[in-house]
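Survey of secondary and tertiary structure
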Number of protein chains: 2
Amino acid sequence: MAEKIPYKIYLTENEIPKQWYNVRADMKNKPAPLLNPGTLEPMTAEELGAVFCEELVQQELDNDNPYIDIPQEIQDFYKMYRPAPLVRAYCLEEALGTPAKIYYKFEGNNTSGSHKLNSAIAQAYYAKKQGLKGVTTETGAGQWGTALSMACAYLGLDCKVFMVKVSYEQKPFRREVMRTYGAEVTPSPSETTAIGRKILEENPGTTGSLGCAISEAVEVAVGTPGYRYVLGSVLNQVLLHQSVIGLEAKAALDKYGVKPDMIIGCAGGGSNLGGLISPFMGEKLRGEADYQIIAVEPASCPSFTRGRYAYDFADTGMVCPLAKMYTLGSGFIPSPNHAGGLRYHGMSPVLSQLYDDGLMEARAVEQTSVFEAAEMFARVEGILPAPESSHAIRVAIDEALKCKETGEEKTILFGLSGTGYFDLVAYQKFNDGEMDDYIPTDEDLARGLSKLPNVDR
Amino acid sequence: MAEKIPYKIYLTENEIPKQWYNVRADMKNKPAPLLNPGTLEPMTAEELGAVFCEELVQQELDNDNPYIDIPQEIQDFYKMYRPAPLVRAYCLEEALGTPAKIYYKFEGNNTSGSHKLNSAIAQAYYAKKQGLKGVTTETGAGQWGTALSMACAYLGLDCKVFMVKVSYEQKPFRREVMRTYGAEVTPSPSETTAIGRKILEENPGTTGSLGCAISEAVEVAVGTPGYRYVLGSVLNQVLLHQSVIGLEAKAALDKYGVKPDMIIGCAGGGSNLGGLISPFMGEKLRGEADYQIIAVEPASCPSFTRGRYAYDFADTGMVCPLAKMYTLGSGFIPSPNHAGGLRYHGMSPVLSQLYDDGLMEARAVEQTSVFEAAEMFARVEGILPAPESSHAIRVAIDEALKCKETGEEKTILFGLSGTGYFDLVAYQKFNDGEMDDYIPTDEDLARGLSKLPNVDR
């Protein structure tokens, strides 16, 4: 009899990856380059260096090296909260009565509550190494801001966080975690920046968006000596750092000779999904294996499923470089739905290219059905999931139920990117039956897309 | 060179204890029996059976069997969130510049946020096995109520929780977690019970206490067919279930041949400390090893350090059996300090006897210094600790700093019983410099102790 797979597969500390995997190296069609919004020419390393740390610029532009060493200091930090467990969802399988075998990679067992710490420590480390004084950033749901605060506290860097206003108000406790880690937290849009004042003037009463908060954070970084801007998602460098998720997941599965048929992750800017699928996508790109890969996004902010693949501004204020990606338009302000981390108008250029090449699929799911999946998962698996992660749970459950109908014993891997301990306002709405399932109309989308920059590339 | 001890020592799933350890079996002086408040005679199994499940009554009264099998169903549930890691606090050691070696057993990596789940699933399991419909309980900080809700959701039992009012108000999100797991949550004291109405009449505006909430929960359990009462601390059975903490910690240390000099845990009712020290205390009682064992309590609720060892009511309403324990008097209502889980007037009879026999010591620490330790720990070890657990961190840091002065390389083990994700109101007060350090006056204590029942045993 084959060895029974335990509930949780932990790698040893020595098995934590010592290199990140750069999926771009294996992509035949590379992600489109970032463009200078003035010249519409690809951003040079020097231009990017005004906003980002030098070493991160190198990583951002590196489409060739498949493996990049993880500095020892980052490896040491990883040991504080990694390896993250790969969990066999025996209880969920039983509750569903499905022949499918469900695994999830759980990245929420740290105080930031999500996978965001994997890139936060990397970006803070390179900023510190460059002798900077501090970094600025935006945060939506708050996981990224918390992660960055933790990394900065550990390294002794200043940290200024612009937090999307709706999350700032719904999650006052997130703010306190960041403050406990010494960060300065400002609700966005704010009166403290020129772009914030402009956005507030044009959209009084706006609840903000990641796009607005990015503009403000970039403005402060560029205008403050010794500061650079860091970003928790979308960028190539972030997907690179997040590859530890997939590398660990794959190593854990390999220990037991398990190959997933299907890999599912939620997608906002793409950091979690991109990290989870990296090594599997690598195999797929190299023709070594095939996997069905599914990005799950909220129906309220459907970049993949209803957006356009085009050059667009990464931010609402249009101060950032242009990125070619699936986008709803940088002017699209999503409804204040509760999966704060998925409220972004764009998508990782790497994932956008892979999606456009037909290497992965996408599904949009509605909020109430997401929380139904979250509640079921919480009760049987004992972990209260983040609303973002619950998008992946929803589709994993749907697929497992299809297996129940067909009798197929598919192996499903999904990313449980975080916990929902700071999302109780949303859970309360769900518990009280007051959740809404807003879906943008075609007119809403047309409005956002009408403002795409006119770039012919 | 000896093998380097990893940051985190995980046992394998097979190494999760399959038996609980009952420290009472090795105690020369057994804990004093619970007394019937009417007859002042030891409670019989039959009498206890009106309040507690049958099998738990057996465990409560069992002073003889050193090991008790953990039923397979409970072992399976344990696999969802155990083994819990034993962490070597390399980062804390470095930050303190101490030659001491610091380890902590981290029990917070589950949605209940603490060790409470270890006993919750056991108590819920035996209730289910007995064919009951549901259970009632009290909760202070909310960890126990959350844990019990999770266990009941898993097994399909009803769960009614009386939550100390101050915590209910400071932690609305705890309530929502419990509701997500299907529990009914009532702030205590409430108008829904006779004893609640009486307490409110006598102490209008009271913020409640565990003692009040216990009375209400017992009243409802006894008055509702198919219900029993369960308790998250104090009782002998709870310490028995919590022995998994110490058994795992010891097994992890044994793997690397490490023997702690000192074991530190916070103490409210004693469940965390009692569980952590069990197997070590067993060795000490059998004369096989010696350990310095330190209970840490809040200066605002100092049962060990300023209480009296005497028979007292376990609850404010005086409906429960009498327990011999270190107590401040069941009428003592602690200040609304933030370590909600440590706001109990009494203490585990087992720990009380061990303390009275000189087998452990106790220290009382003030709130602000506790949060200073918590903040430092959060920043260097990456985990936001529960205020309760931070009492142990405070003394662990103090002891490590003593080692720095003396140059001693002591090995310190402490219990990190939980996370502080639901304690951000308290952290906010600390961040804003508004924390208070209330310490009861001698008159306050005399008032509580003047109401001890007159039992001459």
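Note that the structure is a prediction, hence the values are computed from the model and not measured. (Residues numbered from 1 in each chain as written. Chains lettered and ligands numbered in written order. Predicted model: local features only at pLDDT ≥ 70, side-chain atom pairs only at ≥ 80, totals over all residues. Heavy atoms only, no water.)

**Regarding the overall build of chain A**
Our working rule: Comment: elements are numbered from the N terminus, with helices defined as DSSP H or I runs of at least four residues and strands as E runs of at least two. Based on C-alpha atoms, the radius of gyration is set beside the globule rule, defined as 2.2 Å times the residue count to the power 0.38. To sort residues, take the accessible area from a 1.4 Å probe on protein chains only and compare it with the maximum for the residue type: under 20% means buried, over 50% means exposed, and anything in between is partly exposed.
If you tally the helices and strands in chain A, you get 18 helices and 15 strands. Since a compact globule built from 457 residues should have a radius of gyration of about 23 Å, the 20 Å found for chain A is in line with a globular shape. The dimensions of chain A, computed from C-alpha atoms along their principal axes, are 65 × 50 × 45 Å. Within chain A, buried positions represent 68% of all 457 residues.

**Overview of the sheet that holds strand E9 (residues 227–229) of chain A**
All names here are of chain A. Formally: A pair of strands is treated as paired once DSSP finds two or more bridges between them. Axes, fitted as lines to C-alpha atoms, cover a helix only where it is in contact. Angles between the N-to-C directions of the axes lie from 0 to 180 degrees. Any two residues whose heavy atoms approach within 4.5 Å at even a single point are treated as in contact.
Pairing within the open sheet is parallel, and its four strands lie in the order E8-E7-E6-E9. In this open sheet, the two strands that pair with only one neighbour each are strand E8 (184–188) and E9. Between one strand axis and the next, the sheet turns through 20° on average, direction left out of account. Contacting strand E6 (134–139), strand E7 (158–164) and E8, helix H8 (residues 172–180) runs over the sheet at an angle of about 175° to E7.

**Remarks on the sheet that holds strand E11 (residues 292–298) of chain B**
Within a sheet, adjacent strands bond to each other through the backbone by hydrogen bonds, running parallel or antiparallel. Residues and elements named next belong to chain B. The strand order across the open sheet formed by seven strands is E1-E4-E5-E15-E10-E11-E14, and the pairing between neighbours is mixed. Edge strands, defined here as strands with exactly one partner in the open sheet, are strand E1 (8–9) and strand E14 (361–365). Bridge count between strand E10 (residues 262–266) and strand E15 (residues 411–416): three bridges; the pairing is parallel. Across the sheet, residue Ile264 finds its bridge partner in E15, namely Phe414.

**Some details on the relation of the copies chain A and chain B**
Defined as follows: When the copies are superposed, the least-squares fit draws on C-alpha atoms of residues that have pLDDT of at least 70 in both.
In the superposition of chain A on chain B (RMSD 0.0 Å, axial shift 0.0 Å), the rotation amounts to 180°. Considering both components of the superposition, the chain copies are consistent with a two-fold axis. Same-surface contact between copies: 98% of interface residues of chain A are shared with the interface of chain B.

**Some words on the packing of aromatic side chains**
All names here are of chain B. What counts, and what does not: What counts as a ring pair is set by centres within 6.5 Å for rings of Phe, Tyr and Trp (its six-membered ring), and what kind of pair is set by the plane angle: stacked under 30 degrees, edge-to-face over 60, tilted for all other angles.
This model, assessed by the stated rule, comprises 39 aromatic pairs over all chains. Between the aromatic rings of Phe304 and Tyr355, the centroid separation amounts to 4.4 Å while the plane-to-plane angle is 45°, which identifies the pairing as tilted. A residue pair is termed long-range when its members are at least 10 positions apart, and Phe304 in helix H13 (residues 303–306) and Tyr355 in helix H14 (residues 349–356) qualify at 51 residues. The pair formed by Phe304 and Tyr355 is uniform in burial state, with each residue classed as buried.

**Here we look at the pairing of strand E13 (residues 322–327) of chain B**
Residues and elements named next belong to chain B. In terms of burial, E13 is a largely internal element, six of the six residues being buried. By the bridge criterion, six bridges tie strand E12 (residues 308–313) to E13 in an arrangement that is antiparallel. Counted as the bridge partner of Phe313 is Leu322 from E13.

**Details of the pairing of E15 of chain B**
All names here are of chain B. Of all six residues in E15, six are buried; the element is thus mostly enclosed. Across six bridges, the pairing between strand E5 (residues 101–106) and E15 is parallel. The residue bridging Ile102 from the neighbouring strand is Ile412, located in E15.

**Considerations on helix H18 (residues 442–449) of chain A**
All names here are of chain A. Just so we agree on the cut-off: Starting at the helix axis, one direction is taken to each C-beta atom, and the arc is that of these directions.
Those residues of H18 that sit buried are Asp444, Leu445, Gly448 and Leu449. All buried residues of H18 project into a common sector of 130° when viewed along the axis, lining one side. Set apart from the buried face of H18 by more than 90 degrees, the exposed residues are Asp442, Glu443 and Arg447. Each element contacted by the buried residues of H18 is listed here: helix H13 (303–306), strand E12 (308–313) and strand E13 (322–327).

**Comments concerning helix H17 (residues 424–431) of chain A**
The complete set of buried residues in H17 of chain A reads Leu424, Ala426, Tyr427, Phe430 and Asn431 of chain A. Viewed end-on, H17 of chain A has its buried residues packed into an arc of 150°, placing them on one side of the element. Buried positions along H17 of chain A lie against helix H15 (367–381) and helix H16 (387–406) of chain A together with helix H8 (172–180) of chain B. A positive phi of about 70° marks Gly433 of chain A, the residue just after H17 of chain A.

**Observations regarding the side chain of Glu13 of chain B**
Note the cut-off: Side-chain atoms alone can form a polar contact between residues adjacent in sequence; in general such a contact is a pair of N or O atoms within 3.5 Å, and within protein one must be able to donate a hydrogen while the other accepts it.
Inspection of the secondary structure puts Glu13 of chain B in the loop between E1 and strand E2 (19–21). A distance of 3.1 Å separates a polar side-chain atom of Glu13 of chain B from the backbone nitrogen of Lys8 of chain A. Non-local contacts of Glu13 of chain B, meaning those with residues more than four positions away in its chain, are made with Pro6, Tyr7 and Lys8 of chain A together with Lys79 and Pro83 of chain B.

**Quick notes on the interface of chain A and chain B**
Heads up, the rule is: Two parts lose some accessible area (1.4 Å probe) when they are put together, and adding that loss for both gives the buried area. The term salt bridge refers to a side-chain nitrogen of Lys or Arg lying within 4 Å of a carboxyl oxygen of Asp or Glu. Residue polarity is assigned by list, with Asp, Glu, Lys and Arg as charged and Ala, Val, Leu, Ile, Met, Phe, Trp, Tyr, Cys and Pro as nonpolar; anything else, Gly included, falls into the polar class.
Contacts between chain A and chain B engage 43 residues on the former and 42 residues on the latter. When chain A packs against chain B, close to 4000 Å² is buried across both sides, 56% of that on carbon and sulfur atoms. Contact with chain B buries area across many residues of chain A, yet Phe173, Thr180 and Tyr421 of chain A alone supply 18% of it, more than any other trio. Taken together, the connections running from chain A to chain B amount to two salt bridges. In this structure, Asp432 of chain B engages Arg179 of chain A in a salt bridge whose closest nitrogen and oxygen atoms are separated by 2.8 Å. Scanning the region where chain A abuts chain B turns up 25 residue pairs in polar contact (both at pLDDT 80 or more). The biggest single contributor to the side of chain A that touches chain B is H8 of chain A, with six residues. The class makeup of the residues in the side of chain A that touches chain B is 22 nonpolar, nine polar and twelve charged.

**Some thoughts on the pattern of salt bridges**
Residues and elements named next belong to chain B. Tallying each qualifying case throughout the model produces 56 salt bridges over all chains. Between Asp290 and Lys284 there is a salt bridge; the shortest N-O distance is 3.6 Å. Accessibility expressed as a relative area gives 61% for Asp290, which makes it exposed. A salt bridge links Arg286 to Glu288; its shortest N-O distance comes to 2.8 Å.

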